[in-house]
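Here's the letter readout for the chains.
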Amino acid sequence: MKKIIRNSLSVLGILCILGLLGCTSRVENPTKTDSQPAIYPDYIGVTIPAEMAPLNFSLCEEAEQIDVVVKGSKGGELHVQGDDADFDIDDWHALTAQNKGAELTFTVCAQRDGQWIQYKDFTVSVSPYGLDEWGLTYRRIAPGYEVFSHMGLYQRNLSNFEESAILENTQVPGMCINCHSAHRTDPSKFVFHVRGDHGATMFQIDGKREWLKASNDQLGGSMVYPYWHPSGDYCAFSTNQTRQGFHVVPNERIEVFDLSSDVFVYHPATRELLTDSLLQTKDWSENSPVFSPDGRTLYYMTCKQQEYPAHYKEEQYNLCKISFDPETGRFGEQVDTLFNAVAMGKSLTWPRPSYDGKYLLFTLMDYGYFSIWHQESQQWLLDLQTGEARELQEINSEEADSYHNWTTNSRWIVFTSRRDDGYYSRLYLACIDDKGHFSKPVMLPQRHPKEYYGESIYSFNTPDFTKSPVDFDAYSAGREISSDKRVETKVRK
């Protein structure tokens, strides 16, 4: 019995010592500086949702260790000390929940040569508006031009750092997975396109999958750039004959253009393609359709067809709209130009209306529509009530700012930007206020962001929010892709 007691006391002693070693002591009498700390990522002055993962960060300057105290203006406090700021997820969420609609003040100290330096405090705002979403879906791809390399569709829980693959191209080597979309962020209706020798368009509705034939001879191309109707009864697509070329000038790498493109709507219940002569013109390229929140308008891009690749810089798109009747699946008899980018000497791409119907977010660039390859790409916001549009200077950068989507409560956007290093596109979130102004974008948090982003060879693109995890059997899907069994579609007469 005594031996058991002694062993128990030994274990207890070890646990006590480990507990003491894990405790952090307060920094006493540091030397204060008037400058704020240079941190990575730059979270100074950002606005965050209370539900999001902790803002872990590192100092950009060398230090033996750092000490960070976070205090909420409504109460609560966190204290971490170590090589970087690594916050406990539960403690972080308790603090942000307590300070929703308020501010967090960060006090950062750095130890060098045994001496502590205290930087000027900085603040982070906790938005009163929640995400109302579980996480994000996106494509992650290496920046290769001629082969697809390792890539796939992934999902990320925004409340922590957990990422998982929905489908990777290792299931079918050489294929490209792109153009995914969920119905109003609800993955119970989910679609994506597969390019390659086993090409197909995949529809998964309430757990049932169908692999549509990659191209329809009557359309002259495949089904790409999907966007669901708010009812979930339809999905808009464009069909594109896409080509790419390579630049030999600095700061330009690749150019994507279409020999032709048209817009149509797919009706999954009948497997019919709903077309219209106004959306399939000979001399114009229609592209990237999206439905209005009430489902009665179809927005899309259109440009005068050019001779490619000789006149690729003359490929400039405007934003147009046409009415749509959900009861009959018929289109209106008139096309209207909603935003004339060509008159500005610019090209518009990736229109995305907010779900409350107030705004439409788009990207403006010099020419073309693959904005991720254009350094000058910037985000713009169109007020659908007033018709006024403005450049979003508060979120734009000097690098390419591109693909974007909204939360269903229309309070947050996610978009891609190359502002981090000029080469790789990362994901950023921003909050919109009641006056239509956005907060400083916050880079998607990672557990160890300096290592994660510094060692990653992948770009993020086509992000969207998801209200729940995507339930997808990647193993079975891989076999189904390889089987080449495809569902035929038909054009409605």
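Our subject is the structure that appears above.
Position numbers for residues count from 1 along each chain, tracking the sequence in the order it is written. Thresholds applied to this predicted model are a pLDDT of at least 70 for local features of residues and 80 or more for the giving and counting of side-chain atom pairs; totals over whole chains, interfaces and linings are not thresholded and use all residues. Computation of side-chain values: all heavy atoms of the structure, hydrogens and water removed.

Caption draft 1: Structural view of the overall build of the protein chain. Secondary structure summary: the protein chain contains four helices and 37 strands in total. Counting the 493 residues in the protein chain, one finds 54% classified as buried. All accessible areas in this document rest on Shrake-Rupley with a 1.4 Å probe, and a residue is counted as covered only by the protein chains that are shown. Taken as a whole, the protein chain presents about 21900 Å² of accessible surface, with 48% of it coming from carbon and sulfur. Each helix is a run of H or I in the DSSP string that is no shorter than four residues. Each strand is a run of E no shorter than two, and both are numbered from the N terminus. Only protein chains enter the calculation, and the probe is 1.4 Å; a residue is then buried if its accessible area is under 20% of its type maximum, exposed if over 50%, and partly exposed in between.

Caption draft 2: How the structure looks around helix H4 (residues 474-483). Of all the positions in H4, only Ala474, Ser476, Ala477, Gly478 and Ile481 are classed as buried. For this analysis, residues touch if any pair of their heavy atoms sits within 4.5 Å. Against the buried residues of H4 lie strand S12 (163-168), strand S14 (186-195) and strand S16 (208-213). At the C-terminal side of H4, Asp484 shows a positive phi close to 65°.

Caption draft 3: Just the packing of aromatic side chains, in detail. Centres within 6.5 Å are what make two rings of Phe, Tyr or Trp a pair, Trp counting through its six-membered ring; a difference in plane orientation under 30 degrees is then read as stacked, over 60 as edge-to-face, and the rest as tilted. Counted under the stated rule, the structure contains 25 aromatic pairs. Between Phe190 and Phe192 the ring centres are 6.2 Å apart and the planes differ by 65°, which places this aromatic pair in the edge-to-face class. Classification of Phe190 by relative accessible area gives buried; the value is 0%. Through successive ring pairs, a cluster of aromatic residues spans Phe57, Phe87, Trp92, Phe106 and Phe122. A positively charged side chain is recorded as over a ring if its NZ (Lys) or CZ (Arg) lies within 6 Å of the ring centre. The angle to the ring normal must also be within 35 degrees. In this structure, Arg140 packs its charged tip against the face of Tyr154, placed 4.1 Å from the ring centre. The ring of Tyr129 carries Arg411 above its face, with NZ or CZ at 3.8 Å from the centroid.

Caption draft 4: Molecular detail of the sheet that holds strand S30 (residues 378-383). Whether two strands pair comes down to DSSP finding at least two bridges between them. Read from one edge of the open sheet, four strands run S28-S29-S30-S31, paired in antiparallel fashion. The open sheet has two edge strands with one neighbour each: strand S28 (347-353) and strand S31 (389-391). Shown here is a sheet whose adjacent strand axes are inclined to one another by a mean of 25°, direction ignored. The pairing of S28 with strand S29 (residues 359-365) spans five bridges and is classified as antiparallel. Paired with Leu348 across the bridge in S29 is Leu364. In this analysis, axes come from line fits to C-alpha atoms, helices being fitted only over the stretch in contact, and the angle between any two N-to-C directions falls in the range 0 to 180 degrees.

Caption draft 5: Layout of the nonpolar core. To qualify as a nonpolar core, a set must consist of buried Ala, Val, Leu, Ile, Met, Phe, Trp, Tyr and Cys residues joined through side-chain atoms within 4.5 Å. Counting 93 residues, the largest nonpolar core has Phe57, Val68, Phe87 and Phe106 as the members making the most contacts within it. In this structure Phe106 touches Phe57, Val68, Val69, Val70, Phe87, Trp92, Asp121, Phe122 and Val124, once residues within four positions along its chain are discounted.

Caption draft 6: Representation of the sheet that holds strand S33 (residues 412-417) within the structure. Strand order in the open sheet formed by four strands is S32-S33-S34-S35, with antiparallel pairing between adjacent strands. The strands lining the two open edges of the sheet, one partner per strand, are strand S32 (401-406) and strand S35 (442-443). Here S32 runs beside S33; their pairing, made up of four bridges, is antiparallel. Within S33, the residue paired with His404 across the bridge is Phe415.

Caption draft 7: Broad picture of the pairing of strand S15 (residues 200-205). Across the six residues that make up S15, a large majority, five, are buried. When S14 meets S15, the two strands line up antiparallel, connected through six bridges. Looking at the pairing, Val194 lines up with Ala200 of S15. Taking the residues between adjacent antiparallel strands as the criterion, S14 and S15 are bridged by four residues, where Gly196 takes a positive phi near 130°. Across six bridges, the pairing between S15 and S16 is antiparallel. Across the sheet, Phe203 pairs through a bridge with Glu210, a residue of S16. Between S15 and S16, which pair antiparallel one after the other, the connecting turn spans two residues, and Asp206 there sits at a positive phi close to 50°.

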